[in-house]
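Structural features, examined
Given next are the chains, with one letter for each unit.
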2 protein chains.
Amino acid sequence: MRRLATPVFVVLLTSAAASADDIVLRGMGSLHVGGRVVEIHGKPVRDIVRVPGGPSSRLDPNGQYQVEQMYAQYFLPKNPKGKVPLLMWHGGGLTGVTYETTPDGREGWLNMFVRKGWDVYVSDAVERGRSGFASPDVWAGEPVFLPYADPFERFRIGAGDGSWSPDRTKQKLMSGVQFPVDAYANYMKQIVPRWLSTDEAVIAGYTALVDKVCPCVLLTHSQGGSFGLKVAEARPDKIRAVVAVESASGGNPGEAGALKDVPVLMVFGDNVDLHPRWVAYRKLDLEYAAAVRAAGGKVDVINLPDLGIKGNSHMVMMDKNNDAVAEVIQKWLVDQGLTIEGL
Amino acid sequence: MRRLATPVFVVLLTSAAASADDIVLRGMGSLHVGGRVVEIHGKPVRDIVRVPGGPSSRLDPNGQYQVEQMYAQYFLPKNPKGKVPLLMWHGGGLTGVTYETTPDGREGWLNMFVRKGWDVYVSDAVERGRSGFASPDVWAGEPVFLPYADPFERFRIGAGDGSWSPDRTKQKLMSGVQFPVDAYANYMKQIVPRWLSTDEAVIAGYTALVDKVCPCVLLTHSQGGSFGLKVAEARPDKIRAVVAVESASGGNPGEAGALKDVPVLMVFGDNVDLHPRWVAYRKLDLEYAAAVRAAGGKVDVINLPDLGIKGNSHMVMMDKNNDAVAEVIQKWLVDQGLTIEGL
């Protein structure tokens, strides 16, 4: 290296030098897509208390409002190695933060796949995070708030129902779990409220993103898997592949034939058989996989323990071995011919 | 340049080469700070309809919930030139997206200040964006939704009350306005609901961020200005400077003396005198500035038109001349000795 000292110094003067650990981007930014302007009319003018203890004031909810747009943030590596962008779609009760720094401070899949050379778009579904949410005059139903213990017991971090301990001294962990349990409190800070009435708007937002930035690969998680497969059915010409990590269900079984030319990878973590909810979800996924195959399509299913990758919770991208799982996904994407050869 | 071809190629083989337009980061990621776990008890179990047209189901709101945490995302340039990180705090009804790509697709202040060598932390205030929000069982009052025309008429984009035209054919613009008016629809997609009852929780979240990542400089906008000055009063040892862009008010006048060693820059756009709301806000700011000065502190006030920088709306960081305003702020930060000399 010493021999290169002088020329490297010259490069430093004309541009920033980068080391192997750096992230070198040709661009980064964000955008909102989709949504609509609604006209609220005929609603009664109400008196509300805006600040606790404060005076009552008039609220006239009528007028025009922007609703149901979707936020996405993108990172474009200097030397792209993916043939198309990679879109990361999160699961229920969460936002794009799912793919960022893990709750215990390690790099998440956003950084990992940018480092692998993918243009990555991380979005917040309609109603979540930086996409904002609409008023009760626009959306029926109430948002749902997830209790503190719920993901612990349900996402195969703890050993199922009753495994959470409110004083945190008697927690029963899933055997060999890779989730960073000591950082569970930080994980819970990523949880946001969700509605149960907005699927149509969520899918419209994702479709608008696909129409804007694809062709692309979708990398989805949990609830996002169903959205991803349904959007792929509607836009098979735009989707080069779907990686559905622990999808909460398949797409529309009657539309599975639309994916005959869209390769799909389904990835499942460990201990699925120990929790009836995940047994049921995987069954739905595999039934959808069978429907795609029956129509001439290709669905690969990877149960991570079969590869010797053990202990993964539902939050695979945050688990301590998230890098190993990212490698499995990357290899599959390479095998589908979705990376630029020779780089 | 031709003479350098061979050594540059060698560098390419050992690391990514970067050009002047690239963003070279030694790291990027995100975190949540602050918040608390609340125990909801004694609330009635209700029947709610979760999905429109669906069955009624039981909602028991009692239990433990994580609330009032705050999200921040950080970008750390390869060769930092700021002595401390720069924290960007947005205004009311908005999120950290304020500082990202402008509504018309240009670079925002996040990219600009990262390119200038600052470690930048962009946060979503408690209750907004990726920070999530709490249930009505935790927060009193209702969220407020901003009508479509409101920012147009109020943020000095249009020429005040009545300047919006619902069919968009008869809009009256503020003279020479720099806001990218053609992208107003995209700007409205950045707006999120806000509460009016959460100031204490918002300040606690910002304080937790300061305790985690500072000493630092605060760059605030609008509602965020009041939060920034109040947090600086509480943590003057952690705040090296406050840049308050169109602050909606000052800090606590009685606490202004806490800032005697914290330089403050107040920045105002154009046409402030033409809108009574901004006349009132600037008056509050200048009264606070006087209180800081009376206690021996330093507050610089820049009215951008006095520098020949004209037409700025309230959303200065999105205006077409946002780069010129960024330069004004950067020069002030350099003058305060907050950058590493010789870089």
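Please read all numbers here as calculations on a predicted model, not as lab measurements. (Residues numbered from 1 in each chain as written. Chains lettered and ligands numbered in written order. Predicted model: local features only at pLDDT ≥ 70, side-chain atom pairs only at ≥ 80, totals over all residues. Heavy atoms only, no water.)

Here the focus is the overall build of chain A. Of regular secondary structure, chain A possesses eight helices and ten strands. Its C-alpha radius of gyration of 22 Å places chain A within 12% of the 20 Å reference for a compact globule of 343 residues. By principal-axis analysis of the C-alpha atoms, chain A measures approximately 75 × 55 × 50 Å. For chain A, the residues scored as buried account for 59% of the 343 residues in total. Partitioning the intrachain contacts of chain A with sequence separation of at least 6 by distance along the chain shows that 74% fall at a separation of at least 24. When the 37 positive and 38 negative side-chain charges of chain A are each reduced to one mean point, those points stand 4 Å apart. (Helix = DSSP H or I, 4+ residues; strand = E, 2+ residues; numbered from the N terminus. Rg over C-alpha atoms; globule rule 2.2 N^0.38 Å. Buried < 20%, exposed > 50% of the residue type's maximum accessible area, 1.4 Å probe, protein only. Contact = heavy atoms within 4.5 Å. Lys, Arg positive; Asp, Glu negative; His and termini not counted. Charge placed at Lys NZ, Arg CZ, Asp CG, Glu CD.)

Next up on the list: the packing of helix H5 (residues 199-213) of chain A against helix H6 (residues 223-234) of chain A. Packed helices, taken two at a time, are described by the angle between their axes plus the distance between the axes. Residue and element names in this part refer to chain A. At a closest axis distance of 10 Å, the pairing of H5 and H6 adopts a crossing angle of 60°. Classed by the angle they form, the pair H5 and H6 counts as oblique. Note that H5 runs across H6; the crossing there is right-handed. Of the residues in H6, those in contact with Asp199, Val202, Ile203, Tyr206, Thr207 and Val210 of H5 are Gln223, Phe227, Lys230 and Val231. Looking at side-chain class alone, the contact of H5 with H6 contains six nonpolar, two polar and two charged residues. (Axes fitted to C-alpha atoms, helices over the stretch in contact; angles between N-to-C directions. Parallel < 35°, antiparallel > 145°, perpendicular 65-115°, else oblique. Left-handed = near helix turned anticlockwise from the far one by under 90°. Nonpolar A, V, L, I, M, F, W, Y, C, P; charged D, E, K, R; others polar.)

Attention now goes to the interface of chain B and chain A. Chain B puts 78 residues into the contact, and the matching count from chain A is 78 residues. Summed over both partners, the interface of chain B with chain A buries about 6500 Å², with 59% contributed by carbon and sulfur atoms. Broken down residue by residue, the surface that chain B buries against chain A is led by B:Met28, B:Arg130 and B:Lys189, which jointly contribute 12%. Where chain B packs against chain A, one counts eight salt bridges. A salt bridge links B:Asp22 to A:Lys78; the nearest nitrogen and oxygen atoms lie 2.9 Å apart. Viewed at the interface, chain A and chain B are joined by 29 residue pairs in polar contact (both at pLDDT 80 or more). Elements supplying a minimum of two residues to the side of chain B that touches chain A: helix H1 (5-14), strand E1 (23-40), strand E2 (46-49), strand E4 (63-77), helix H2 (109-115), strand E6 (120-124) and helix H4 (184-188) of chain B. At eleven residues, the largest contribution of residues to the side of chain B that touches chain A is made by E1(B). Within the side of chain B that touches chain A, the residues separate by chemical class into 44 nonpolar, 22 polar and twelve charged. In this structure, strand E1 (residues 23-40) of chain A lies alongside E1(B), joined through three bridges in antiparallel fashion. (Buried area = accessible area lost by both parts, 1.4 Å probe. Salt bridge = Lys/Arg side-chain N within 4 Å of Asp/Glu carboxyl O. Polar contact = N/O pair within 3.5 Å; in protein donor to acceptor, adjacent residues only side chain to side chain. Pairing = 2+ DSSP bridges.)

Nonpolar side chains in soluble globular proteins tend to be buried together. Within the largest apolar cluster, 204 residues are counted, with the highest numbers of intra-cluster contacts made by A:Trp109, A:Phe113, A:Ile329, B:Trp109, B:Phe113 and B:Ile329. The residues touching B:Ile329, leaving out its near neighbours within four places in the chain, are B:Trp109, B:Phe113, B:Leu219, B:Val243, B:Val245, B:Leu265 and B:Val267. (Core = buried A, V, L, I, M, F, W, Y, C linked by side-chain atoms within 4.5 Å.)

For the structure shown, the criterion picks out 36 aromatic pairs over all chains. Ring geometry for A:Phe133 versus B:Trp195: centroids 6.2 Å apart, planes at 50°, classification tilted. Within this pair, whereas A:Phe133 is found in the loop between strand E6 (120-124) and helix H3 (150-154), its partner B:Trp195 is found in the loop between H4 and helix H5 (199-213), the two belonging to separate chains. B:Trp195 sits in the buried class, given a relative accessible area of 5%. Aromatic ring contacts, followed pair by pair, group A:Phe133, A:Trp139, A:Phe145, A:Trp195, B:Phe133, B:Trp139, B:Phe145 and B:Trp195 into a single cluster. Just above the ring of B:Phe268 sits the side chain of B:Arg282; from NZ or CZ to the centre is 5.9 Å. (Phe/Tyr/Trp six-rings, centres within 6.5 Å; stacked < 30°, edge-to-face > 60°. Lys NZ or Arg CZ within 6 Å of the ring centre and 35° of its normal.)

Now for the environment of B:Arg130. Here B:Arg130 shows up in the loop between E6 and helix H3 (150-154). Taking C-alpha positions, B:Arg130 is 20 Å from B:Gln64, a pair spaced 66 residues apart along the chain. At 2.9 Å, the side chain of B:Arg130 forms a polar contact with the side chain of A:Asp124.

Before going further, it helps to examine helix H7 (residues 276-294) of chain A. All names here are of chain A. With 19 residues, H7 extends 27 Å between its outermost C-alpha atoms, agreeing within 8% with the 27 Å of an ideal straight helix rising 1.5 Å per residue. Taken residue by residue, H7 has Trp278, Tyr281, Arg282, Asp285, Tyr288, Ala289 and Val292 as its buried positions. The buried residues of H7 all sit within an arc of 120° when viewed along its axis, so they share a single face. Every exposed residue of H7 that faces more than 90 degrees away from the buried side is listed here: Pro276, Lys283 and Ala294. Packed against the buried residues of H7 are H3, H6, strand E9 (264-268) and strand E10 (299-303). Backbone geometry just after H7 places Gly296 at a positive phi near 95°. (Expected span 1.5 Å × (residues − 1). Arc of directions from axis to C-beta.)

All names here are of chain B. Mapped onto the secondary structure, Phe179 falls in the loop between H3 and H4. Along the sequence, Phe179 and Gly257 sit 78 residues apart, while their C-alpha atoms lie 36 Å from each other. Once residues within four sequence positions are removed from consideration, Phe179 is found in contact with Pro103, Ile157, Tyr184, Tyr187, Ser313, Met315, Met318, Asp319 and Lys320.

A separate point is unusual backbone geometry. Residue and element names in this part refer to chain A. Here the residue pair Cys214 and Pro215 is connected by a cis peptide bond, since its omega of 25° sits within 30 degrees of zero. Looking at the element boundaries, Pro215 is found in the loop between H5 and strand E7 (216-221). The backbone of Glu127 shows a phi angle near 90°, a positive value even though the residue is not glycine. By the element assignment, Glu127 lies in the loop between E6 and H3. Judged by relative accessible area, which is 2%, Glu127 ranks as buried. Despite not being glycine, Asn271 shows a phi value in the positive range, around 65°. With respect to the helices and strands, the residue Asn271 is situated in the loop between E9 and H7.

The transformation that overlays chain B on chain A combines an axial shift of 0.0 Å with a rotation of 180°, and the residual RMSD is 0.0 Å. Look at the turn and shift together and you get a two-fold axis relating the two. When the interface residues of chain B are mapped onto chain A, 100% of them again lie at the interface, so the same face is used by both copies. (Least-squares fit on C-alpha atoms with pLDDT ≥ 70 in both.)

Following the sequence through the fold, A:Gln73 ends up in strand E4 (residues 63-77). For A:Gln73, the side chain forms a polar contact with the side chain of B:Gln73, separated by 2.9 Å. In this view, A:Gln73 contacts A:Gly29, A:Ser30, A:Glu100, A:Val120, A:Tyr121, A:Val122, B:Gln73, B:Phe75, B:Glu100 and B:Arg130; residues no more than four positions away in its chain are not counted.

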